[in-house]
Amino acid sequence: MTHDKDAGREWRPYEIATPIARDGAAGMPPPAPPGIERSPYAAPYATLADRTHDAGDVVLADRASRLLAQLVDLGMVIVPVLLFVFAGYRQFSRNMLGMHGLSTGAATAILIAVAMILGIAIWNIVLLVRYGQTVGKKVMKIRIVRSDGSPVSFWRILFMRSMAISLLSRACSLLHPLLGLAVSLGDVLMIFREDRRCLHDQIADTIVIDA
């Protein structure tokens, strides 16, 4: 006697013979069965913010982390800037006394400041090339990637993410100082949108995620 493995199993009229793929593309629903159209009233596909929050390894960095990373990067150049200010003050005082030529103290301060700036620049370049991070982003454990989650090149970060917005702001400033300020401010404020992408992120097609 043969035993049907489906014997006694409750028949469900909505089941179909053709299997439905359970795992669609990231953020996309499974395809509809053959001959059945997807309802126009179905829930829309996931947005960028939904995909990045739900994906296992791609989570958008929070705004506080991005702000603190920026402050860390800015804080690193405070000491070299202060050294330049000190050198300028020493040289100004020397000139007021009728003494000419660069003083030893001013020269030393300038050399240390230049060495520090070069060191910071090289450190950041290495991190950006290898991990898509600056020192501040490394500290806050966040990094820059393309909008699809793939690695971003150093040149894209440099030219499209950094220089492009800077040149745009300067060009607008030539038309009117307030216009340039508006571009810079608008770039920062765009982080409060749902996808947390600033204007420079839009230009470079990048996002900042948890590392």
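Residue indices begin from 1 for each chain and proceed along its sequence in written order. The predicted origin of the model limits local features to residues at a pLDDT of at least 70 and limits the giving and counting of side-chain atom pairs to 80 or more, whereas totals for whole chains, interfaces and linings rest on all residues. To get the side-chain values, take all heavy atoms of the structure and skip hydrogens and water.

Moving on, we come to the overall build of the chain. Within the chain, the secondary structure is distributed over eight helices and two strands. For helices the rule is a DSSP run of H or I covering at least 4 residues; for strands it is a run of E covering at least 2, with both sets numbered from the N terminus onward. Reading the chain from its N terminus to its C terminus gives the helix and strand order α-α-α-α-α-β-α-α-α-β. Burial classification: accessible surface area is computed with a 1.4 Å probe over protein chains only, and a residue below 20% of its type maximum counts as buried, one above 50% as exposed, and the rest as partly exposed. By the burial criterion, 26% of the 211 residues in the chain qualify as buried. Accessible surface is estimated by sampling points in the Shrake-Rupley manner with a 1.4 Å probe; for residues, cover comes only from the protein chains shown. A total accessible area of about 14,600 Å² is found for the chain, and carbon and sulfur atoms account for 66% of it.

Okay, a nonpolar patch on the surface next. Where nonpolar side chains cluster on the molecular surface, the patch consists of Trp155, Phe159, Met160, Met163, Leu167, Leu168 and Ile203 and spans about 650 Å² of accessible area. Broken down by element, the residue count for the nonpolar patch peaks at six residues, all from helix α6 (residues 154–175). Mapped onto the secondary structure, Leu167 falls in helix α6. Only residues above 30% relative accessible area that lack a salt bridge enter a patch, with like-charged residues linked at up to 9 Å and the nonpolar side chains Val, Leu, Ile, Met, Phe, Trp and Tyr linked at up to 5 Å. We define a salt bridge as a side-chain nitrogen of Lys or Arg found within 4 Å of a carboxyl oxygen belonging to Asp or Glu.

Residues other than glycine seldom take positive phi values, yet Arg196 does so here, at roughly 55°. You can see Arg196 is positioned in the loop between α7 (177–189) and α8 (199–204). One non-glycine residue with positive phi stands out, namely Asp205, at about 60°. Checked against the element boundaries, Asp205 lands in the loop between α8 and β2 (206–210).

Looking at the secondary structure, you find Ser65 in helix α2 (residues 63–76). Ser65 gets classed as buried once you look at its relative accessible area, which sits at 12%. Residues Ser65 and Met140 lie 75 residues apart in sequence; the distance between their C-alpha atoms is 6.0 Å. What Ser65 contacts, discounting residues up to four positions off in sequence, is Met140 and Ile142. Working rule for contacts: check all heavy atoms of both residues, and any pair within 4.5 Å makes them a contact.

Here the focus is the layout of surface pockets. Site definitions follow a grid-based scheme: protein atoms alone, a 1 Å grid, a 1.4 Å probe that fits but cannot get out for cavities, and for pockets an open set with protein on both sides within 12 Å along at least five of seven lines, plus lining residues having an atom within 4 Å of a point. Grid points are joined across faces, edges and corners, and a volume is the space filled by probe spheres set on the points. Reported here for the largest pocket is a volume of approximately 1,200 Å³. Lining the largest pocket are 30 residues, and of these Gln70, Asp73, Thr134, Lys137 and Ser162 lie nearest its centre. Those elements that place two or more of their residues in the lining of the largest pocket are α2, α4 (104–131), α6 and α7. Of all the elements, α2 adds the most residues to the lining of the largest pocket, at seven residues.

The relative placement of two aromatic rings is captured by the distance of their centres and the angle of their planes. Note on aromatic contacts: the rings of Phe and Tyr and the six-membered ring of Trp form a pair at centre separations within 6.5 Å, being stacked when their planes are under 30 degrees apart, edge-to-face when over 60 apart, and tilted otherwise. Going through the model one piece at a time under the given rule, you end up with two aromatic pairs. Ring centres 5.8 Å apart and planes at 20° place the aromatic pair Trp155 and Phe159 in the stacked group. Remark: Phe159 and Trp155 occur in helix α6; sequence separation between them is four residues, near one turn of the helix. Joined through ring pairs, the aromatic side chains of Phe154, Trp155 and Phe159 make up one cluster. For a lysine, the NZ atom is tested; for an arginine, the CZ atom; a charge sits over a ring if that atom is within 6 Å of the ring centre and within 35 degrees of the ring normal. Positioned above the aromatic ring of Tyr131 is the side chain of Lys138, whose terminal nitrogen or guanidinium carbon lies 4.5 Å from the ring centre.

Next up on the list: the packing of α2 against helix α3 (residues 78–96). Running from amino to carboxyl end, α2 crosses α3 at an angle of 30°, the nearest separation of the two axes being 4 Å. Classified by the angle their axes make, α2 and α3 are roughly parallel. When α2 is examined against α3, the residues Leu74, Gly75 and Met76 are found in contact with a partner set consisting of Ile78, Val79 and Pro80. Three categories are distinguished: nonpolar for Ala, Val, Leu, Ile, Met, Phe, Trp, Tyr, Cys and Pro, charged for Asp, Glu, Lys and Arg, and polar for the others, with Gly belonging to the last. Class assignment of the residues belonging to the contact of α2 with α3 gives a composition of five nonpolar, one polar and no charged. An axis is simply a line fitted to the C-alpha atoms; with a helix, the fit covers only the stretch in contact. Between two such axes, the angle follows the N-to-C directions and lies from 0 to 180 degrees. Angles are sorted into four bins: roughly parallel if under 35 degrees, roughly antiparallel if over 145, roughly perpendicular if 65 to 115, and oblique for all others.

This part takes up α2. Between its terminal C-alpha atoms α2 stretches 20 Å, which fits the 20 Å expected from 14 residues at 1.5 Å a residue. Every buried residue of α2 is listed here: Ser65, Arg66, Ala69, Asp73 and Met76. The buried residues of α2 all sit within an arc of 100° when viewed along its axis, so they share a single face. Polar contacts, as used here, are pairs of N or O atoms within 3.5 Å; protein pairs need one atom able to donate a hydrogen and one able to accept it. Residues neighboring in sequence count only if both atoms are side-chain atoms. The residue sitting at the N-terminus of α2 and contributing the capping side-chain oxygen is Asp62; that oxygen lies 3.2 Å from the backbone nitrogen of Ala64. Every helix has an expected span of 1.5 Å times one less than the residues it contains. Working note: the arc is built from the helix axis to C-beta atom directions.

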